[in-house]
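So the chains spell out like this:
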Amino acid sequence: MVALMALAGLICGRRIGALADAYDEGPVHYDRLSAWFPAVEVVSAAVAALVAWRVGLPYVPFALAGTALAVVDWRTSLLPDAITLPAYPIMALALAPTGELPRALAGAVALTAVYGVLWFVRPEAMGLGDVKLAGLIGMAAGALGWQAWIVAAFCGHLLGALYGLALLLTGRGNRHTQFPFGPFMLLGAFATLCLGW
């Protein structure tokens, strides 16, 4: 089954680069990363397989949607509603047979509220796309329990802060440099799922 999920990830990965190109009119385009895109297929396959292996098949839709969102956001600084919003009902349907759906929905509401407050306080530092993505992450992590929810929420901010620090230390950015935050949110969520928090 894990092998089948890896194959599904590979197939989806073949479409993710094209999907990112479709949104390529975003405000930021990270041309220097274009050489990475053949690796997107491998990454998509690996994430789908790892998530299926560590936490089960119901979380694979989140893995695939999350990989697509991470690539699109990094490439264009956009988190398209056309990917994020349909992922909610798909995740809900996948989680319904597990009995974890009520906890997942509570996690989604809670993390959306946290990011909603952050967006309200500093709208220049965070977009509404991040708020909508937070609900999806809260849904996936919340289904596993509140400890996983806390770790996923914290890891995204930690990874984003470390990247910002790296930009400062290497002289590639300053305190006001903006970069897509969604990939770090998702990387933290994937780490939480795959490492079994």
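Residues numbered from 1 in each chain as written. Predicted model: local features only at pLDDT ≥ 70, side-chain atom pairs only at ≥ 80, totals over all residues. Heavy atoms only, no water.

## Overview of the packing of helix α6 (residues 128-142) against helix α7 (residues 146-169)
Their axes nearest at 8 Å, the elements α6 and α7 cross at an angle of 145°. Along this stretch, α6 crosses α7, giving a crossing that reads as right-handed. Across from I137, G138, A141 and G142 in α6, the residues of α7 making contact are A148, W149 and A152. Its residues assigned to classes, the contact of α6 with α7 shows 5 nonpolar, 2 polar and no charged. (Axes fitted to C-alpha atoms, helices over the stretch in contact; angles between N-to-C directions. Helix = DSSP H or I, 4+ residues; strand = E, 2+ residues; numbered from the N terminus. Left-handed = near helix turned anticlockwise from the far one by under 90°. Contact = heavy atoms within 4.5 Å. Nonpolar A, V, L, I, M, F, W, Y, C, P; charged D, E, K, R; others polar.)

## Looking at the nonpolar core
Soluble globular proteins tend to pack their nonpolar side chains together in the buried interior. Ranked by internal contacts, the top residues of the largest apolar core, which has 43 residues, are F62, Y115, I137 and L186. Broken down by element, the residue count for this core peaks at 8 residues, all from α6. (Core = buried A, V, L, I, M, F, W, Y, C linked by side-chain atoms within 4.5 Å. Buried < 20%, exposed > 50% of the residue type's maximum accessible area, 1.4 Å probe, protein only.)

## A closer look at the environment of L64
Tracing the chain through its elements places L64 in helix α3 (residues 60-76). Along the primary structure L64 and I16 are separated by 48 residues, whereas in three dimensions their C-alpha atoms are 9.5 Å apart.

## Here's the deal with helix α4 (residues 81-95)
Look at α4: 21 Å from first C-alpha to last across 15 residues, which is about the 21 Å you get at 1.5 Å a residue. The sharpest bend along α4 comes to roughly 25°, located at A87, with the proline P89 sitting one to four residues further on. Of the positions making up α4, those classed as buried are I83, T84, A87, M91, A92 and L95. (Expected span 1.5 Å × (residues − 1). Bend = angle between axes of the 7 residues up to and from the residue.)

## A few points about the packing of aromatic side chains
For the structure on display, the rule yields 7 aromatic pairs. When the centroid spacing of 5.6 Å and the interplanar angle of 65° are considered together, the rings of F62 and F190 count as edge-to-face. Within this pair, whereas F62 is found in helix α3, its partner F190 is found in helix α8 (residues 182-194), the two being separated by 128 residues in sequence. The exposure classification of F62 matches that of F190, with both residues buried. Judged by centre distance (5.5 Å) and plane angle (65°), the rings of W146 and W149 are edge-to-face. You can see W146 and its partner W149 sitting in helix α7, 3 residues apart, about one turn around the helix. Exposure remark for W149: the relative accessible area of 13% places this residue in the buried category. Taken together, the aromatic side chains of W74, Y163, F179 and F184 make up a single cluster linked through ring pairs. (Phe/Tyr/Trp six-rings, centres within 6.5 Å; stacked < 30°, edge-to-face > 60°.)

## Brief notes about the environment of A140
Tracing the sequence through the fold places A140 in helix α6. For A140, a relative accessible area of 1% gives the class buried. Separated by 35 residues in sequence, A140 and L105 have C-alpha atoms that sit 9.0 Å apart. Those residues in contact with A140 that sit more than four places away from it in its chain are Y59, F62, M91 and L193.

## Considering the pattern of salt bridges
Evaluated as defined, the whole model comprises 2 salt bridges. Across the pair D81 and K132 runs a salt bridge, and its minimum N-O distance is 2.9 Å. In this pair, D81 is assigned in helix α4 and K132 in helix α6, connecting sequence segments 51 residues apart. The class of K132 is partly exposed, set by a relative accessible area of 28%. Between R122 and E124 there is a salt bridge, with its nearest N and O atoms 3.2 Å apart. For E124, a relative accessible area of 48% translates into the label partly exposed. (Salt bridge = Lys/Arg side-chain N within 4 Å of Asp/Glu carboxyl O.)

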